[in-house]
Protein chains: 2
Amino acid sequence: MTKVSNVKSTRASDVLVEYFEQRILDGSLPAGATLPAEREIVQEHGVSRTVVREAVLALANKGLIKAQPRFRPVVVKPGYDTALDVVGSVVSQLLRDSSGVRNLFDMRIMMEVNLVRHAALNASGEDIAKLEEALAANGAAIEDSVRFYETDIGFHKVLYEIPKNPILPAIHAAYTDWLSVHWRQMPRMPSRNQVNFEAHTRIFDAILRRQPDQAEAALREHLKFAWDQVSEELDGQDGR
Amino acid sequence: MTKVSNVKSTRASDVLVEYFEQRILDGSLPAGATLPAEREIVQEHGVSRTVVREAVLALANKGLIKAQPRFRPVVVKPGYDTALDVVGSVVSQLLRDSSGVRNLFDMRIMMEVNLVRHAALNASGEDIAKLEEALAANGAAIEDSVRFYETDIGFHKVLYEIPKNPILPAIHAAYTDWLSVHWRQMPRMPSRNQVNFEAHTRIFDAILRRQPDQAEAALREHLKFAWDQVSEELDGQDGR
DNA sequence: TTCAAATTTTTTGTCATACCAAAGAGAGTC
DNA sequence: GACTCTCTTTGGTATGACAAAAAATTTGAA
């Protein structure tokens, strides 16, 4: 499935890519190690520098190495953020029509429903404290729409951190990045901020009281409210 | 965030990549269209062919175009599967240590918990029928471990299809692909198959009876059982 | 006229070479 | 020892060349 079905993609650079990918994966090129100089690879593998360059570039695009302009390529320490980073372009294209945005937003709802339920059932005292802090910061920013936007993200971010799974914060960052375009177009004013803040408060309350169903309901209502506003903007520019 | 923060990566190919990425995104290069010949791009943009090639290759690696070895590059119709395809390499590296596998598996649990709850609350008659069919196929394959593996995947796949969000089946495919390595190492025998089939049955029953909490509990137990087996294998080869 | 085979022209993949610019190393000077 | 200046290394780009494959064109036969 992942294998690109290269039945006959006899690109010389591909075998180089595969070679280094192999070595990175099996650990003989650990994170932080540098690849040989291009001219060394040329001699060692008997290919032209063109091929080497293409291979290096491909590895860099795959997110396996980091090729700074005038330095040797360095094997990158993989993070869950880099994983979501390399898909950026494709995602952008998927978000071109409104149904793509809708699908992604639905995914977010699904995800956060789970997060608030999890929080209501398992949040530690420390988690609650962080959540409360984020909520307070959000409440203090109602009059300042820019800061409200930031603290809004911050509040949700805490939810993603509670399960202690490093994949989740990366997903959160990806969501906010990918959807930020539509987010910014959303009308922002203190009255709406007030509504959103109250929704946050209800979610927090439900988590505090250990009521997963209420937390889920509050979250769903909250995100539905947000979606309705994004949706208006979308329909204006894209009728599909 | 997505922008690779190259403050000064004055790579000439980058501006070309950006140019074509722009044109693909704004639709002036629709899916299926072919890029101009390399030499045309050379003349039009006043850069060397080296740069053009690097740009084309980069676009191909990003999954925006499909560059078959000796054919004109074609703008690709993006699917949610291609999005998850380009991350393959990074994910492989993330799964090198057991904690990476654990994190991904936890994500899967989280996801499927949501799916079974959703199914219990919203599954249509048609959905139920498909689920029942998949369950029956699974039950008929208990003696044949290979077929059981396939029908096992098939049963879970139906769960991902119920919400009608095209992102979900893509995620399911990615999960099974990425985790298949560890899955195959799992000991397979009719007795274990029997346990798994009964778990599937319990999940199905709970969905049928519209009991989200029971469905969630059954799923959690099911996946915990699966994880314990994978975990044993992992600990054997990787102590981290 | 129409369809298929053969031929010419493009076009991509690869190679070789050269030059530039910047970073780093080393020598020389104070 | 600190500073400056050169030299080497190394990646980024340009250019030209050639083979092989694809695309376009011509040719040939029915």
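Residues numbered from 1 in each chain as written. Chains lettered and ligands numbered in written order. Predicted model: local features only at pLDDT ≥ 70, side-chain atom pairs only at ≥ 80, totals over all residues. Heavy atoms only, no water.

Turning our eyes to something else, we now look at the overall build of chain A. Across its full length, chain A carries 11 helices and two strands. The order of α-helices and β-strands along chain A, N terminus first, is α-α-α-β-β-α-α-α-α-α-α-α-α. Along the first, second and third principal axes, the C-alpha atoms of chain A reach 65 × 45 × 35 Å. Partitioning the contacts of chain A with sequence separation of at least 6, the portion at a separation of at least 24 is 73%. (Helix = DSSP H or I, 4+ residues; strand = E, 2+ residues; numbered from the N terminus. Contact = heavy atoms within 4.5 Å.)

Attention shifts here to the protein's contact with DNA strand D. Among the 19 residues in the neighbourhood of DNA strand D, the closest are listed as Arg53, Pro69 and Arg72 of chain A together with Ala12 and Ser48 of chain B. When atoms of DNA strand D within 4 Å of the protein are sorted by moiety, sugar and phosphate together comprise 63%. In the environment of DNA strand D, a phosphate oxygen lies 2.4 Å from a nitrogen or oxygen atom belonging to the backbone of alanine 12 of chain B. Within the side chain of serine 48 of chain B, an N or O atom sits 2.8 Å from a phosphate oxygen of DNA strand D. Only helix 2 (38-45) and helix 3 (49-62) of chain A together with helix 3 (49-62) of chain B provide two or more residues apiece to the surface near DNA strand D. (Near = heavy atom within 4 Å. Polar contact = N/O pair within 3.5 Å; in protein donor to acceptor, adjacent residues only side chain to side chain.)

Our next topic: the interface of chain A and chain B. Contacts between the two partners involve 59 residues from chain A and, on the opposite side, 57 residues from chain B. Taken together, both faces of the contact between chain A and chain B bury some 5100 Å²; the carbon and sulfur share is 59%. The interface formed by chain A and chain B contains two salt bridges. A salt bridge links arginine 53 of chain B to glutamate 54 of chain A, with the shortest nitrogen-to-oxygen separation between them at 2.4 Å. In this structure, the connection of chain A to chain B is made through 15 residue pairs in polar contact (both at pLDDT 80 or more). Put simply, the parts of the chain that give the side of chain A that touches chain B at least two residues each are helix 1 (12-25), helix 3, helix 4 (80-86), helix 5 (88-94), helix 6 (98-122) and helix 9 (167-185) of chain A. Counting residues per element, the side of chain A that touches chain B draws most heavily on helix 6 of chain A, which supplies 11 residues. Here the side of chain A that touches chain B is built from residues that sort into 30 nonpolar, 16 polar and 13 charged. (Buried area = accessible area lost by both parts, 1.4 Å probe. Salt bridge = Lys/Arg side-chain N within 4 Å of Asp/Glu carboxyl O. Nonpolar A, V, L, I, M, F, W, Y, C, P; charged D, E, K, R; others polar.)

To continue, consider the protein's contact with DNA strand C. In the vicinity of DNA strand C lie 19 residues, with Ala12 of chain A together with Arg39, Arg53, Pro69 and Arg70 of chain B positioned nearest. Taken together, the sugar and phosphate atoms account for 60% of what DNA strand C places within 4 Å of the protein. With respect to DNA strand C, the backbone of alanine 12 of chain A contributes an N or O atom lying 2.4 Å from a phosphate oxygen. Note that a phosphate oxygen of DNA strand C is positioned 2.9 Å from one of the side-chain N or O atoms of serine 48 of chain A. For the surface near DNA strand C, the secondary structure elements donating two or more residues are helix 3 of chain A together with helix 2 (38-45) and helix 3 of chain B. A total of three residues in the surface near DNA strand C trace back to one element, the largest contributor, which is helix 3 of chain A. Its residues placed into classes, the surface near DNA strand C shows six nonpolar, three polar and 10 charged.

This next bit is on the packing of helix 3 of chain A against helix 3 of chain B. Here helix 3 of chain A crosses helix 3 of chain B at 35°, and the two axes come no closer than 10 Å. Note that helix 3 of chain A runs across helix 3 of chain B; the crossing there is right-handed. Residue-level inspection shows Arg53, Glu54, Leu57, Ala58 and Asn61 of chain A of helix 3 of chain A in contact with helix 3 of chain B, the latter providing Arg53, Glu54, Leu57, Ala58 and Asn61 of chain B. A breakdown of the residues in the contact of helix 3 of chain A with helix 3 of chain B according to their chemical character gives four nonpolar, two polar and four charged. (Axes fitted to C-alpha atoms, helices over the stretch in contact; angles between N-to-C directions. Left-handed = near helix turned anticlockwise from the far one by under 90°.)

Here we take up the nonpolar core. Core analysis: the largest hydrophobic core is formed by 113 residues, its most contacted members being Met111 and Ile207 of chain A together with Met111 and Ile207 of chain B. Grouped together as the second largest cluster of nonpolar side chains are 19 residues, Ile24, Leu29, Leu35 and Ile65 of chain A included. (Core = buried A, V, L, I, M, F, W, Y, C linked by side-chain atoms within 4.5 Å. Buried < 20%, exposed > 50% of the residue type's maximum accessible area, 1.4 Å probe, protein only.)

All right, on to the domain arrangement of chain A then. Split into domains, chain A comes out as domain 1 (12-78) and domain 2 (85-237). Distance from the C-alpha centre of domain 1 of chain A to the C-alpha centre of domain 2 of chain A: 39 Å. (Domains from an automatic or database assignment.)

All names here are of chain A. Within the sequence span of helix 2, burial applies to Glu38, Ile41 and Val42. The arc that holds every buried residue of helix 2, seen down its axis, measures 105°, which confines them to one face. Pointing more than 90 degrees away from the buried face of helix 2 are the exposed residues Arg39, Gln43 and Glu44. At its buried positions, helix 2 is contacted by helix 1 and helix 3. Positioned one or two residues after helix 2, glycine 46 has a phi angle of 65°, which is positive. (Arc of directions from axis to C-beta.)

What follows deals with the relation of the copies chain A and chain B. One chain copy maps onto the other through a rotation about an axis and a shift parallel to that axis. Under the fitted operation, chain A is carried onto chain B by 0.1 Å of movement along the axis and a turn of 180°, and the coordinates agree to an RMSD of 0.4 Å. One copy is carried onto the other by what is essentially a two-fold rotation axis. Most of the interface of chain A is mirrored in chain B: 95% of its interface residues are interface residues there too. (Least-squares fit on C-alpha atoms with pLDDT ≥ 70 in both.)

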